Amino acid sequence: MMRPGTEAELAEAVAAAAGPLRILGGGTRPVGRPVEGEALSVAGLSGVVLYEPGALTLVVRAGTPLEEVERVLAGEGQRLAFEPMDHRVLLGGSGVPTIGGVVAGNVSGPRRVQAGACRDALIGVRFVDGRGAVIRNGGRVMKNVTGYDLVKLMAGSRGTLGVLSEVAFKLLPVPESVATVTLHEADGARAFEAMTRAMKSPFEVSGAAWLPGKGEVHLRLEGFAGSVAYRAGRLRALLAGPGEVTVETGAEANARLWRAIRDVEALAGHAFVWRVSMAPGAMRAGLRADLDRTARFDRVVDWAGGLCWIGMTEAQAADYAPRFGAADAVAGAIRFHRDLQAEMADPELGGGHATLVKGPEALRAAVPVFQPEPAPLAALARGLRAQFDPRGILNPGLMG
Amino acid sequence: MDMPVPNAAVIAKKEHVVARLAEVLPEGAVIHDPAETRAYECDALAAYRCPPMAAVLPGSTAEVAAVLRICHEEGVPVVPRGSGTSLAGGAMPTADSVILGVARLNRVLEVDYDNRVIRVEAGRTNLSVTGAVEADGFFYAPDPSSQLACAIAGNIAMNSGGAHCLKYGVTTNNLLGVTLVTMDGTVVEIGGAYMDAGGYDWLGVICGSEGQLGVVTEATLRILPKPEGARPVLMGFDSSEVAGACVADIIKAGVLPVAIEFMDRPCIRATEAFAGAGYPDCEALLIVEVEGSPAEIDEQLGLIKQIARRHDPVELRESGSEAESAAIWKGRKSAFGAMGQLGDYMCLDGTIPVSALPHVLRRIGEMSAEFGLGVANVFHAGDGNMHPLILFDANTPGDLERCEAFGAAILKLCVEVGGCLTGEHGVGIEKRDLMGVQFDPVDLEAQMRVKDVFDPGWLLNPAKVFPLEASAGRRAG
Ligand SMILES: Cc1cc2nc3c(=O)[nH]c(=O)nc-3n(C[C@H](O)[C@H](O)[C@@H](O)COP(=O)(O)OP(=O)(O)OC[C@H]3O[C@@H](n4cnc5c(N)ncnc54)[C@H](O)[C@@H]3O)c2cc1C
Ligand SMILES: Cc1cc2nc3c(=O)[nH]c(=O)nc-3n(C[C@H](O)[C@H](O)[C@H](O)COP(=O)(O)OP(=O)(O)OC[C@H]3O[C@@H](n4cnc5c(N)ncnc54)[C@H](O)[C@@H]3O)c2cc1C
């Protein structure tokens, strides 16, 4: 495995590469098609480059462990507002997640509904393209429209357009207090109704999730103590109806609850996991009836209904398979995956995307892990890769 | 300002091109009489003008696609145009170009409160998007001062900001989907009422691409429930250093104001003379606005005042009513008008790290003496987006050039201290030739490669954003 220690060495390694490279941060997010190639680790590029708490900005090398970033920020009472998940819980991995891996996957948690995604907090990048050139875009200021925004393009491109060497973020202060208003015994209709009402209120809900397994809808409020208490009261009144409503104000209990939602703990034991992003209304209407009725899979619903994690155990997949003449669990999962992505492509449903997040290599190699794009976009994507990585050596095949 | 030599071969076939365009558009939608094309000769950077060969006003995505297909076949450059309020010359034509105006694409297509989105045609004005939803308690957050006139299309192309962007972000943070027509006439649907891209973040790169990657005809925008209320506090300080330190302390304390506006003494004096808002005569003035219920506002303003007092303000005035809020905002909102009373001015738009504020203001003051031109500063202090206004006299020979040189020096200073050339107005033609100050050739090359993918023939708004010599080979090809 190659492990450069500086950006210049990274550029040299890419320029000199004779064949495909498998870009690694901490190796904790093996999402996407399995990649054949020599491993290139960015973990050697580590450390904070610049931190200005008064300007809410952080510049950090891409291989810096996420835990270190979070520790440094916590020291000043600040944080990454987009609340990136720890994939180790769901995927059962054991590496050290890096900040570059977070950016490369545009990884955003429950607070995405209020504070935006990773890509919204990202204000600058440095990366090495497939030719080995070091490229800069954006910078360290929040407002910047100078030239094209390659910063956002790099977020979520999973190392297929360039290897990130440095990333810059806009930060937010950690609020003084937090409370979660919980609605109990909520079925799908009640849950979506509650989340929609909360999001249409002016109370700045910073997390809205439904755990169908427990029948709980959780709505998070953050800010100054007086304000949180006031909004919790108003929200509670807004949810009055069938089902008990409780309020949790303990900092520890809140941290635990939202970490569990963020990391999709409820599906950690499932062999196959998908991540579906749709308009909440479309999600509420349900994935097409035959998908829904055929098997009762397990779910975690976040982003006020806009994000649904679907988990399938080996047994559920094996049970699903024969209905379509499929032989085993993996074949059943392949069938489900195809149906799911076809749903997303159906304009009647308003669009969205489904990604296979967890599954054995046999499955990930057999299907398009990411939602296939319509032909004109797929052509643009090929064009971009040809421009940024003309030799096709950066995580080839990972994103199509 | 250099512009490329117009392509004589294109101009020579004007009649033919106009006739082809007329075939695919309704009566009156093709403007080619030189007396009428003059209406499109410039945007709000009015110092530079050039009438286009023709202008077209399509009324549907299909018509936009038909126009682009023809121009693509004929090798005619196309300059997209919203409302023409760009301050960077982004919508300025060349003599061999067709202006593609989207003003007739102005309908609301769908309002969906449950999903908190609105879908509109891209020619719709910014303010009328909020207008379509405010009766139901919602608003569209990005609010450029030009919002009465500017179009969503131009906002997307420039990734425009506004007074409230400290809390709500700029256009790119509020855009969920677009219908885009590429130069060859292909209609591409990107995103929708759902969050984040499945593949590459196309929206991210289209937003802010200054009309060079495709023509936006429709947009899905995020709308938000209106806050219960909002109220500002005004504070004056003896020095801009202290005002800057106060801003940093407010931010660090965990308050998230919707706006932190800064004005320096020349700006305060000009607005006082013009609007009489009752501002204190001091070195630096801050207006900080927060949102929420009355009690929440009290809580936040209480904390802000407590922080301000630590910095010995010469004035600290909290609004207690709608009328007092309006009085506090009155001067700030008339700042540009007030400066206009003093003569011609050029408005800059660089961004700096907030920590560099005192240094940059001091240097601007020194340079003002060196160049012999007055300057006033209005400033989105929360995010470091500066708007120095340089005063000059357009009728004095050499004054405009001196003003431009001064402006360039300020923007170089912004880059030097870790900032950028433009925070919200865009590069256009205005800052095109300064791009080398902020970017190395390899950085610009990477950006131009994106254009190569969307518009290989470089026909869409080709003479903007990139220094002419950097893009020369591509534009010729
Ligand atoms: C169950 C399982 C176990 C696996 N175990 C291993 C293993 O132990 N070791 C191993 O080498 N492979 C392993 N893989 C293969 C794995 O799929 C790929 O090596 C790789 O894509 C994992 O990403 P990562 O290690 O960079 O993770 P992360 O660091 O979490 O990165 C996430 C994504 O971002 C990209 N990325 C990370 N940093 C950067 C950067 N600075 N710039 C640009 N892109 C970046 C990565 O390429 C990846 O696509 C495993 C796969 C599976 C299914
Ligand atoms: C008084 C005044 C105040 C201003 N205040 C602010 C402010 O507070 N914040 C701010 O950010 N800006 C401000 N601006 C600048 C300007 O209003 C914005 O840049 C605005 O977004 C431009 O919109 P427009 O519709 O007028 O676009 P135009 O000026 O017509 O065009 C701007 C750019 O967009 C491209 N474009 C237009 N339509 C399309 C399309 N359909 N598809 C693709 N590209 C297209 C053009 O080619 C051009 O490059 C201000 C301007 C003025 C005159």
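The structure presented is a predicted model; accordingly, all values stated were derived computationally and were not measured.

1. Digging into helix 1 (residues 7-16) of chain A
Residues and elements named next belong to chain A. All buried positions along helix 1 are accounted for by Glu 7, Leu 10, Ala 11, Ala 13 and Val 14. End-on view of helix 1: buried residues confined to an arc of 160 degrees, all on one side of the axis. In helix 1, the exposed positions angled more than 90 degrees off the buried face are occupied by Ala 8, Glu 12 and Ala 16. In this structure, the buried side of helix 1 is in contact with strand 1 (21-24), strand 2 (38-41), strand 6 (122-128), strand 7 (134-138) and strand 8 (163-170).

2. Quick notes on the domain arrangement of chain B
For chain B, the assigned domains are domain 1 (8-104), domain 2 (108-225), domain 3 (230-336) and domain 4 (343-416). The centre of domain 1 of chain B, based on its C-alpha atoms, is set 45 Å off from the matching centre of domain 3 of chain B.

3. A closer look at the site of ligand 2
Residues and elements named next belong to chain B. In the neighbourhood of ligand 2, 32 residues make up the surrounding shell, with Pro 80, Gly 82, Thr 85, Ser 146 and Ser 160 lying closest. Interatomic distance of 2.8 Å between a backbone N/O atom of Ala 151 and an oxygen atom of ligand 2. Measuring from an oxygen atom of ligand 2, one finds a side-chain N or O atom of Asn 155 at 2.8 Å. Of all the elements in the fold, those that place two or more residues in the shell around ligand 2 are strand 3 (78-81), helix 6 (152-158) and strand 10 (215-222). Of the residues forming the shell around ligand 2, the biggest block, 5 residues, is contributed by helix 6. Grouping the constituent residues of the shell around ligand 2 by class yields 13 nonpolar, 16 polar and 3 charged. The residues that make up the shell around ligand 2 include at least three from each of domain 1 (8-104) and domain 2 (108-225).

4. Some remarks on the sheet that holds strand 6 (residues 117-121) of chain B
Residues and elements named next belong to chain B. Judged by pairing direction, the sheet is antiparallel, and its 5 strands sit side by side in the order 5-6-10-8-9 without closing on themselves. Taken across any chain shown, the strands that pair with only one partner, and hence form the sheet edges, are strand 5 (108-112) and strand 9 (187-191). Across the sheet, the axes of successive neighbouring strands diverge by a mean angle of 10 degrees, strand direction being ignored. Across 4 bridges, the pairing between strand 5 and strand 6 is antiparallel. If you follow Val 111 over to strand 6, its bridge partner there is Ile 118. Set on the sheet, helix 5 (residues 126-133) makes contact with strand 5, strand 6 and strand 10; between it and strand 6 the angle comes to about 135 degrees.

5. A short note on the state of the cysteines
Residues and elements named next belong to chain B. One pass over the structure, following the stated rule, counts 0 disulfides over all chains. Free of any disulfide, Cys 50 has its nearest cysteine sulfur in Cys 42, 11 Å distant. The class of Cys 50 is buried, set by a relative accessible area of 16%. With no disulfide partner, Cys 207 has as its closest neighbouring cysteine sulfur the one in Cys 165, 13 Å distant. We classify Cys 207 as buried; its relative accessible area is 1%.

6. Details of the domain arrangement of chain A
Residue and element names in this part refer to chain A. Here chain A is described as being made up of domain 1 (7-173), domain 2 (177-262) and domain 3 (265-366). The gap between the C-alpha centroids of domain 1 and domain 3 is 28 Å. Taken together, the contacts link 14 residues of domain 1 with 15 residues of domain 3. Summing both sides of the interface, domain 1 and domain 3 together bury roughly 1,200 Å²; the carbon and sulfur share of this comes to 67%.

Calculation rules
Residues numbered from 1 in each chain as written. Chains lettered and ligands numbered in written order. Predicted model: local features only at pLDDT ≥ 70, side-chain atom pairs only at ≥ 80, totals over all residues. Heavy atoms only, no water. Buried < 20%, exposed > 50% of the residue type's maximum accessible area, 1.4 Å probe, protein only. Helix = DSSP H or I, 4+ residues; strand = E, 2+ residues; numbered from the N terminus. Arc of directions from axis to C-beta. Contact = heavy atoms within 4.5 Å. Domains from an automatic or database assignment. Near = heavy atom within 4 Å. Polar contact = N/O pair within 3.5 Å; in protein donor to acceptor, adjacent residues only side chain to side chain. Nonpolar A, V, L, I, M, F, W, Y, C, P; charged D, E, K, R; others polar. Pairing = 2+ DSSP bridges. Axes fitted to C-alpha atoms, helices over the stretch in contact; angles between N-to-C directions. Disulfide = S-S within 2.5 Å. Buried area = accessible area lost by both parts, 1.4 Å probe.

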